[in-house]
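Summary of the model geometry
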Amino acid sequence: MEGHSITKVVLLACGSFNPITNMHMRMFELARDHLEDTGQYKVVRGIISPVGDAYKKKGLIEACHRLEMTRLATESSDWVMVDSWESLQPEWVETAKVVRHHYEELLAAEQNIDDVDTIKYAKKRRIEENHHKDRDDLQLMLLCGADVLESFGIPNMWKQEDIAEIVGRHGLVCITRSNSDPHKFIHQSDLLWKYRKNIHIVREWVTNDISATHVRRSLRRGQSVRYLLPDSVIHYIKEHGLYSSESEQKNADVVLAPLQRYTGASSS
């Protein structure tokens, strides 16, 4: 179509990935299909960013193991990769800051590409792009499940300005679970309703409610998790003896990092 521009999209998934499951990987495929089916987007990359140890979630094993399992899980993908920046930070990093970091990295990479273009066009491009910091042809979207969307409504879990930045400036792709109703949640939130056009709801019709919590429970009990996780990840878990009753109690008496930061609560 004449004058029709396609926006390049990078999908960013943040979370514990404790451990990463096949459903985590499946979310990227579902999101890409949905966005590209609109005819408005071309998904060029997927990034998985495991949260750092300072998040203090109950049962959260060390970031070094979660990073390596995620690397193993993405080996078979030619477009989804793992990034260690967030997980290597000494303190918990708000998701909005993680999104900002990756968007700035993308802009810098695109600028480098422009800089090596022919001299004939490079000056013109730089003049055009300096008019605005954001690029119309490049967008970073946060990819998440309905549970993350609904967590926007939990008191002291998110700053309202962070939600506005993530959804309003960048956009959100939400993969629904069978028992969730994200449309109703958006309708009930004035902030999400304001930015509803930036929220893409993707229905997973082949229902697959693989939960990392259920996976960890099976692992603790010595039950099979084959076909729920990539074989390479299962091998890594067995090799390193991960996910025991002891590891599940890690941070059990510690207040989750967002609640500590936004309410001043401390561990008991």
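Before reading further, recall that the structure is shown in the block above.
Just so it is clear, the model here is predicted, and its values are computed rather than measured.

1. Structural notes on unusual backbone geometry
- A cis amide bond links Asn 18 to the next residue, Pro 19, at an omega of 0°.
- When you line up the elements, Pro 19 lands in the loop between β1 (7–15) and α1 (22–37).
- For Lys 56, which is not glycine, the phi torsion reads 65° and is therefore positive.
- Topologically, Lys 56 is positioned in the loop between β2 (41–50) and α2 (63–74).
- Under the relative-accessibility criterion, Lys 56 is labelled partly exposed at 32%.
- Of note, the phi angle at Asn 156 is positive, near 70°, even though the residue is not glycine.
- Here Asn 156 shows up in the loop between α5 (146–151) and α6 (160–170).

2. Topic: the packing of aromatic side chains
- Counted by the stated rule, this structure contains four aromatic pairs.
- The interplanar angle of 70° and the centroid separation of 6.2 Å between the aromatic rings of Trp 92 and Tyr 262 together place this pair among those described as edge-to-face. Of the two residues, Trp 92 sits in the loop between β3 (80–82) and α3 (95–115) while Tyr 262 sits in helix α12 (residues 257–263), which places them 170 residues apart along the sequence.
- What makes Trp 92 buried here is its relative accessible area of 10%.
- Among the aromatic residues, those joined into a ring-pair cluster are Tyr 55, Trp 92 and Tyr 262.
- Its end group placed over the ring of Trp 193, Arg 196 keeps NZ or CZ at 4.0 Å from the ring centre.
- Positioned above the aromatic ring of Trp 205, the side-chain terminus of Arg 203 is 4.7 Å from the ring centre.

3. Topic: the sheet that holds β2
- The six strands lie next to each other as β3-β2-β1-β4-β5-β6, forming an open sheet whose pairing is parallel. Both outer strands of the open sheet, β3 and β6 (199–203), are each paired with one neighbouring strand and no more. Across this sheet, the average inter-strand angle for adjacent strands is 25°, counted without regard to direction.
- Inspection of the sheet shows β1 paired to strand β4 (residues 138–145) by five bridges, in the parallel sense. The partner of Leu 12 across the bridge, within β4, is Leu 142.
- α1 rests against β1, β2, β3, β4, β5 (172–176) and β6 of the sheet, and its axis sits at about 155° to β2.

4. With respect to α2
- Taking 1.5 Å as the rise per residue, α2 with twelve residues should run 16 Å; its terminal C-alpha atoms sit 16 Å apart, in good agreement.
- Counted residue by residue, α2 has nine buried out of twelve residues, so it is predominantly covered.
- Listing the buried residues of α2 in full gives Ala 63, His 65, Arg 66, Leu 67, Met 69, Thr 70, Leu 72, Ala 73 and Thr 74.
- Among the structural elements, α1, β2, β3 and α10 (231–240) are those in contact with the buried residues of α2.

Parameters at a glance
Residues numbered from 1 in each chain as written. Predicted model: local features only at pLDDT ≥ 70, side-chain atom pairs only at ≥ 80, totals over all residues. Heavy atoms only, no water. Helix = DSSP H or I, 4+ residues; strand = E, 2+ residues; numbered from the N terminus. Buried < 20%, exposed > 50% of the residue type's maximum accessible area, 1.4 Å probe, protein only. Phe/Tyr/Trp six-rings, centres within 6.5 Å; stacked < 30°, edge-to-face > 60°. Lys NZ or Arg CZ within 6 Å of the ring centre and 35° of its normal. Pairing = 2+ DSSP bridges. Axes fitted to C-alpha atoms, helices over the stretch in contact; angles between N-to-C directions. Contact = heavy atoms within 4.5 Å. Expected span 1.5 Å × (residues − 1).

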